[in-house]
Amino acid sequence: MFIHWGLYSQAARHEWVQHNEEISPEEYRKYFDHFDPDRYDPAVWAAYAREAGMKYVVLTTKHHEGFCLWDSAHTDYKAPNTPAGRDLLTPFVEAFRAEGLRVGFYYSLIDWHHPQFPIDHIHPLRNHPDAVEMNRSRDVSRYRDYLHAQVEELLRAHKPDILWFDFSYTQSPKYPQFEGKAADAWGSVELMKKIRSICPDIIVNDRLEIGGDVITPEQFQPTSWVTRNGEPVVWEACQTFSGSWGYHRDESSWKTPEQLIQLLVNSVANGGNLLLNAGPTARGDFDDRAVNALAEIADWMEMNDRSIYGCTASPLTAPSDCRYTTSGNRLYLHVFNWPFRHLQLPGLAGRIEYAQLLHDASELHWAEPKQPFGQGNMLVDQPDDTVVLKLPVEPPPVRCPVIEIFLKQ
Ligand code: GLC
């Protein structure tokens, strides 16, 4: 589970609201002054995540707006100084660990609040008439010291399992007066060294722009194992319920339960993980739409998680509208669009020991090549390597039915 939560949750119209509406730090202060998550109970969030089958969480400790959820010694722009009046991170870490989830921290490299962060083409002040002038007194190396100190502070306090940095960018041709920011600006090499020395086993994502342990395609579904420079990589797709990452009251582009489950299946079928985002309200609740979506995922996982955990891509090509995942001698066929009575499975001739629907362990029969199948013992030409799996006409009452195939050892 990805969680985006910060001052932008109050604006409730995208976590980039400060950029989108070019809101100055002074004006944005109203959210800081009114941030009062009176219903915040991370144990509730952690229970949602566990019930939906999630194994780890990544929380925005600081997003681009620069606001910190923890009691950082390096800034006043933090939750304890808002009406919230307390560190919101420590109880979060405790609650998720208590539910058995691994805990990751998202940390925005970008900071629209820090006075030393040079204005660039995505900064809220990019069109300010004095922006270039203002940059004369901004020193990226001083911001870099802050960034390094904060990351160190987070690591020492909580020993997180994952660090999820966001993000690097090149100069924009539309704003030639500003530079982009990437590895040099962040001091990525040095930062990575420090991270590894404090937390040797931590997983760090790829957005420091010096590689990383995991590649992070965003709001995009790979259709094969993700590669970089021709080599397969460890990858994790991040996805939203509705497009925005922060709580968005008026967004109407919510994905259906089928779409969400298919995102999960498709990620595993192509060798990756899914990091699915929820944006809690500024009072600290998951809204009904998020709760319903998570409940659907929880229901599906309850009956089908065997096709997800410990599974990865299969070398076999799945029939159209289907995805394979596999673990050991089990092959899991996920059917996105239930066909009429038969599924043709290339490459499986002579290899199936047993087959069943996963959710109710009900047996399925199949025909080997040249064996009759269908009504009236009809015999049609079949490729030599292809078996025909026989399905009930009525689609199973499952958002995404899974067929579990036991392969001969
Ligand atoms: C983007 C956005 C950001 C979001 C992130 C999640 O990079 O800047 O708002 O946090 O994607 O991957």
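Refer to the preceding data block for the structure.
To start, this report covers the structure provided alongside it.

### Overview of unusual backbone geometry
The omega torsion of the bond from Asp 166 to Phe 167 falls at -20°, within 30 degrees of zero and hence cis. Along the chain, Phe 167 turns up in the loop between strand S4 (162-166) and helix H8 (183-186). The backbone of Asn 229 sits at a positive phi, close to 50°, despite the residue not being glycine. On the secondary structure map, Asn 229 appears in the loop between strand S6 (227-228) and strand S7 (231-232). Although it is not a glycine, Asp 321 adopts a positive phi angle of roughly 65°. Counting through the fold element by element, Asp 321 comes out in the loop between helix H11 (288-304) and strand S10 (322-327). Classification of Asp 321 as partly exposed rests on a relative accessible area of 41%.

### Overview of the environment of Leu 275
Here Leu 275 shows up in strand S9 (residues 273-278). Separated by 39 residues in sequence, Leu 275 and Glu 236 have C-alpha atoms that sit 6.6 Å apart. Those residues in contact with Leu 275 that lie beyond four places of it in its chain are Met 1, Phe 2, Tyr 56, Val 58, Trp 164, Glu 236, Ala 237, Cys 238 and Gln 239.

### A closer look at the site of the ligand
In the vicinity of the ligand lie 14 residues, with His 4, Glu 15, His 63, His 64 and Glu 218 positioned nearest. Glu 218 places a polar side-chain atom, nitrogen or oxygen, 2.6 Å from an oxygen atom of the ligand. Taking 310 Å² as the accessible area of the ligand by itself, protein coverage stands at 94%.

### Quick word on the sheet that holds strand S15 (residues 366-367)
The strand order across the open sheet formed by three strands is S12-S16-S15, and the pairing between neighbours is antiparallel. Of all strands in the sheet, those bounded by a partner on one side alone are strand S12 (342-345) and S15. Inspection of the sheet shows S12 paired to strand S16 (residues 387-390) by four bridges, in the antiparallel sense. Along S16, the bridge assignment pairs His 342 with Lys 390.

### What about the pairing of S10?
Sheet topology places S10 next to strand S11 (residues 330-335); six bridges connect them, and they run antiparallel. Across the sheet, residue Ser 327 finds its bridge partner in S11, namely Arg 330. Counted along the chain from S10 to the antiparallel partner S11, the turn is two residues long, and its residue Gly 328 has a positive phi close to 55°.

### A short note on the packing of aromatic side chains
Summed over the entire model, instances satisfying the criterion amount to 27 aromatic pairs. Measuring from ring centre to ring centre gives 6.2 Å for Trp 16 and Phe 167, while their planes differ by 15°; the resulting arrangement is stacked. Linking Trp 16 in the loop between helix H1 (8-11) and helix H2 (17-20) with Phe 167 in the loop between S4 and H8, this pair joins segments that are 151 residues apart in sequence. Under the relative-accessibility criterion, Trp 16 is labelled buried at 17%. Feature note: the residues Trp 5, Phe 32, Phe 35, Tyr 40, Trp 45, Tyr 48, Phe 67, Tyr 77, Phe 92, Phe 96 and Phe 286 constitute an aromatic cluster, connected by ring pairs. Here the guanidinium or amino end of Lys 55 rests over the ring plane of Tyr 309, the centre of that ring lying 4.5 Å away. Above the ring of Phe 117, the side-chain terminus of Lys 181 is found at 4.2 Å from the ring centroid.

### Focus on the pattern of salt bridges
With the rule as written, the count across this model stands at 25 salt bridges. The shortest N-O distance in the salt bridge between Glu 218 and Arg 207 comes to 2.9 Å. Linking Glu 218 in the loop between strand S5 (203-204) and S6 with Arg 207 in the loop between S5 and S6, this pair joins segments that are eleven residues apart in sequence. Under the relative-accessibility criterion, Arg 207 is labelled buried at 11%. Via salt bridges that share partners, Arg 50, Glu 51 and Glu 99 belong to a single interconnected network.

### Observations regarding the nonpolar core
For soluble globular proteins, the rule of thumb is that nonpolar side chains tend to be buried together. Formed by 87 residues in total, the largest nonpolar core has its most connected members in Ile 3, Phe 96, Phe 165 and Trp 300. When we break this core down by domain, the ones giving at least three residues each are domain 1 (2-307) and domain 2 (322-407). What Phe 96 contacts, discounting residues up to four positions off in sequence, is Ile 3, Pro 42, Trp 45, Ala 46, Ala 49, Val 57, Leu 101 and Val 103. Counting residues in hydrophobic clusters, the runner-up holds 20 residues, among them Leu 316, Leu 343, Ala 355 and Leu 407.

About the cut-offs
- Residues numbered from 1 in each chain as written.
- Predicted model: local features only at pLDDT ≥ 70, side-chain atom pairs only at ≥ 80, totals over all residues.
- Heavy atoms only, no water.
- Helix = DSSP H or I, 4+ residues; strand = E, 2+ residues; numbered from the N terminus.
- Buried < 20%, exposed > 50% of the residue type's maximum accessible area, 1.4 Å probe, protein only.
- Contact = heavy atoms within 4.5 Å.
- Near = heavy atom within 4 Å.
- Polar contact = N/O pair within 3.5 Å; in protein donor to acceptor, adjacent residues only side chain to side chain.
- Areas by Shrake-Rupley, 256 points an atom, 1.4 Å probe, with all protein chains shown as cover.
- Pairing = 2+ DSSP bridges.
- Phe/Tyr/Trp six-rings, centres within 6.5 Å; stacked < 30°, edge-to-face > 60°.
- Lys NZ or Arg CZ within 6 Å of the ring centre and 35° of its normal.
- Salt bridge = Lys/Arg side-chain N within 4 Å of Asp/Glu carboxyl O.
- Core = buried A, V, L, I, M, F, W, Y, C linked by side-chain atoms within 4.5 Å.
- Domains from an automatic or database assignment.

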